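# Inside the fold
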Amino acid sequence: MAKLLDVKGLRAGYGQTEVLHGLTFELEQGGITTILGANGAGKTTTLRAICGMVRVAGDIVFAGQAIAGKATEDIVRLGVAHVPDGRGTFVQLTTEENVRLGAYVRSDKGQVAADLDRVYHYFPRLKERRMQQAGTLSGGEQQMLAISRALMLSPKLLLLDEPSFGLAPLIVQEIYRILRDINTKEKVSMLLVEQNANIALGIADHAYLLETGNIVMSGTSDVIKNDETIRKSYLGY
Ligand SMILES: Nc1ncnc2c1ncn2[C@@H]1O[C@H](COP(=O)(O)OP(=O)(O)O)[C@@H](O)[C@H]1O
Ligand SMILES: [Mg+2]
């Protein structure tokens, strides 16, 4: 299969501090890849680096185009949608106003209504709450909202920053089931960073392990799942 994302020797950081020390990883067209790592490993920074929110060195090729150092808005226009940590809810706006914000860079405005229907088909809970002030949604619903906003871009690639964070197991399962559905039916590729290795390995086809800014292991999810170190340190059995 063709590569959708090809990252080589990615370095990034804040001010004088380097946080990512030369990451090399890739994502196949249509695939779901996960980058696992503990708190502070550099997962969020990796996603920020891909969408041009931190200073980077190294190569990032998306759909055949070099995007390292490009402006975030240009990267977004190529079809990269970011579901950030913290979910980024505009709390004073309604659910639907939040979802519609995701379409702001779209030039084909005529498609937006159809995409809104499509998003509500995946997240009927949000449709029911579409006039509700977004700040009053539950944590799980706000995560669904963040994913919906990203889907309104009609992206080729979804960057997901710990969608399970702080949510009850049942809601996490529901969100992951929907993500899998979106991957299968909409052919949206996903790069998922997670601390929750169990849930991430359940959905991803390929996994990388990130430790303090370095990739220390990579393989198919099945191989990673059965690795002794991963089991002891990240899966807890
Ligand atoms: N805005 C920032 N300014 C300075 N350092 C940061 C900033 N954001 C994150 N860091 C540092 O970068 C490292 C990696 O953070 P992060 O990418 O958020 O890790 P993770 O998402 O895996 O928890 C941490 O040591 C963190 O303290
Ligand atoms: Mg993070």
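Residues numbered from 1 in each chain as written. Chains lettered and ligands numbered in written order. Predicted model: local features only at pLDDT ≥ 70, side-chain atom pairs only at ≥ 80, totals over all residues. Heavy atoms only, no water.

## A closer look at the pattern of salt bridges
Per the stated rule, a full pass over the model turns up 18 salt bridges. For Lys3, the salt bridge goes to Glu26, with nearest N and O atoms at 3.1 Å. Residue Lys3 is found in strand 1 (residues 3-14), and its partner Glu26 is found in strand 2 (residues 17-28); the two are separated by 23 residues along the sequence. Among the charged side chains, a salt-bridge network with shared partners connects Arg125, Glu128, Arg129, Glu141 and Glu174. (Salt bridge = Lys/Arg side-chain N within 4 Å of Asp/Glu carboxyl O. Helix = DSSP H or I, 4+ residues; strand = E, 2+ residues; numbered from the N terminus.)

## Notes on the environment of Lys187
Note that Lys187 resides in the loop between helix 7 (169-186) and strand 8 (189-194). The class of Lys187 is exposed, set by a relative accessible area of 60%. Along the primary structure Lys187 and Gly30 are separated by 157 residues, whereas in three dimensions their C-alpha atoms are 5.5 Å apart. (Buried < 20%, exposed > 50% of the residue type's maximum accessible area, 1.4 Å probe, protein only.)

## Side note on the sheet that holds strand 6 (residues 80-83)
With respect to topology, 6 strands assemble into an open sheet ordered 6-7-8-3-9-10, the strand pairing being mixed. The two strands at the open ends of the sheet, each matched to only one other strand, are strand 6 and strand 10 (214-220). Taken pair by pair, the neighbouring strands of this sheet meet at an average axis angle of 15°, ignoring direction. Taken together, the 5 bridges between strand 7 (residues 157-161) and strand 8 define a ladder with parallel strand orientation. Following the sheet pairing, Asp161 is matched in strand 8 by Val193. The strands touched by helix 6 (residues 139-151) are strand 6 and strand 7; relative to strand 6, the strand with the most contacts, the crossing angle is about 170°. Set on the sheet, helix 7 makes contact with strand 3 (32-36), strand 7 and strand 8; between it and strand 8 the angle comes to about 155°. (Pairing = 2+ DSSP bridges. Axes fitted to C-alpha atoms, helices over the stretch in contact; angles between N-to-C directions. Contact = heavy atoms within 4.5 Å.)

## Points about the side chain of Arg149
Structurally, Arg149 can be placed in helix 6. Of the side chains with opposite charge, Asp85 comes closest to the buried, unpaired Arg149, at an N-O distance of 11 Å. Setting aside chain neighbours within four positions, we find Arg149 in contact with Arg87, Gly88, Thr89, Phe90, Asn98, Val99, Leu101 and Gly102. (Lys, Arg positive; Asp, Glu negative; His and termini not counted.)

## Observations concerning the site of ligand 1
The local shell around ligand 1 consists of Tyr14, Val19, Ala38, Asn39, Gly40, Ala41, Gly42, Lys43, Thr44, Thr45 and Arg48. Between an oxygen atom of ligand 1 and a side-chain N or O atom of Lys43, the distance comes to 2.8 Å. Surface burial for ligand 1 is 57%, taken as the share of its 560 Å² of free accessible area covered by protein chains. For the shell around ligand 1, the element with the most residues is helix 1 (residues 43-50), which contributes 4 residues. Residue composition of the shell around ligand 1, by class: 4 nonpolar, 5 polar and 2 charged. (Near = heavy atom within 4 Å. Polar contact = N/O pair within 3.5 Å; in protein donor to acceptor, adjacent residues only side chain to side chain. Areas by Shrake-Rupley, 256 points an atom, 1.4 Å probe, with all protein chains shown as cover. Nonpolar A, V, L, I, M, F, W, Y, C, P; charged D, E, K, R; others polar.)

## Overview of the sheet that holds strand 4 (residues 56-62)
Here we have 4 strands laid out as an open sheet, ordered 2-1-4-5, and antiparallel in their pairing. Edge positions in the sheet fall to strand 2 and strand 5 (65-66), since each has one partner strand and no second. One ladder, built from 6 bridges, connects strand 1 with strand 4; its direction is antiparallel. Opposite Lys8, over in strand 4, you have Asp59 as the bridge partner.

## Details of the domain arrangement of the protein chain
Where interface size is quoted, it is often the accessible area lost as the parts come together. Examined at the domain level, the protein chain breaks down into domain 1 (3-79 + 155-235) and domain 2 (92-154). Across the domain 1 to domain 2 interface the summed buried area is about 1,500 Å²; carbon plus sulfur atoms make up 70%. When the area that domain 1 buries against domain 2 is broken down by residue, the three leading residues are Pro155, Ile178 and Glu186, summing to 31%. At the boundary of domain 1 and domain 2, one finds 2 salt bridges. (Domains from an automatic or database assignment. Buried area = accessible area lost by both parts, 1.4 Å probe.)

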